[in-house]
Amino acid sequence: MKNNHAVVFYVIIIILALAGATLLFLRQPFIEALRNQTGISTIDVTVRRSAPASELLDTAILEDARMTALKNNVSVFVFDEVCGDSVNSVKRCVKGNNKPF
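In this model helix 2 (residues 27–38) runs 16 Å from its N-terminal to its C-terminal C-alpha over 12 residues, within 8% of the 16 Å that 1.5 Å per residue would give. Of the residues flanking the end of helix 2, it is G39, one or two places downstream, whose phi is positive at about 85°.

Structure, rendered in structure tokens:
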């Protein structure tokens, strides 16, 4: 009895696999047939333009006098040498495991 169920199960799996392969290779004719039956020809997609950068980011803080004062305090910055000779501090930093956080 179990053997009969296994054969039916395998036949159903094979039929599903063949139907899937058929749809994979012949999908365009199936899509066109469905479009003809439903009456849908194409889908119109309207593309919206992106907002200008001045509307996306508030850059007013960059022109603030306090930010300019902070910019003047930075003399040398080399990202690869954060703990190197370019650090202008009395106490040198400890490198650790090279992970940023």
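A complete count under the given rule lists 1 salt bridge for this structure. Between R66 and D64 there is a salt bridge, and its shortest N-O distance comes to 2.9 Å. Using a relative accessible area of 66% as the deciding quantity, one classes R66 as exposed.

Before going further, it helps to spend a moment on the packing of aromatic side chains. All told, the structure shown has 1 aromatic pair when counted by the stated rule. Between the aromatic rings of F9 and Y10, the centroid separation amounts to 6.0 Å while the plane-to-plane angle is 55°, which identifies the pairing as tilted. Residue Y10 is classed as exposed on the basis of its relative accessible area of 53%.

For the protein, mean pLDDT is 76; residues scoring 70 or higher make up 71% of the total. Averaged over each element, pLDDT in the protein is lowest for helix 3 (residues 53–56) (75) and highest for helix 1 (residues 2–25) (88).

Conventions used here
- Residues numbered from 1 in each chain as written.
- Predicted model: local features only at pLDDT ≥ 70, side-chain atom pairs only at ≥ 80, totals over all residues.
- Heavy atoms only, no water.
- Helix = DSSP H or I, 4+ residues; strand = E, 2+ residues; numbered from the N terminus.
- Expected span 1.5 Å × (residues − 1).
- Salt bridge = Lys/Arg side-chain N within 4 Å of Asp/Glu carboxyl O.
- Buried < 20%, exposed > 50% of the residue type's maximum accessible area, 1.4 Å probe, protein only.
- Phe/Tyr/Trp six-rings, centres within 6.5 Å; stacked < 30°, edge-to-face > 60°.
- pLDDT = per-residue confidence, 0-100.

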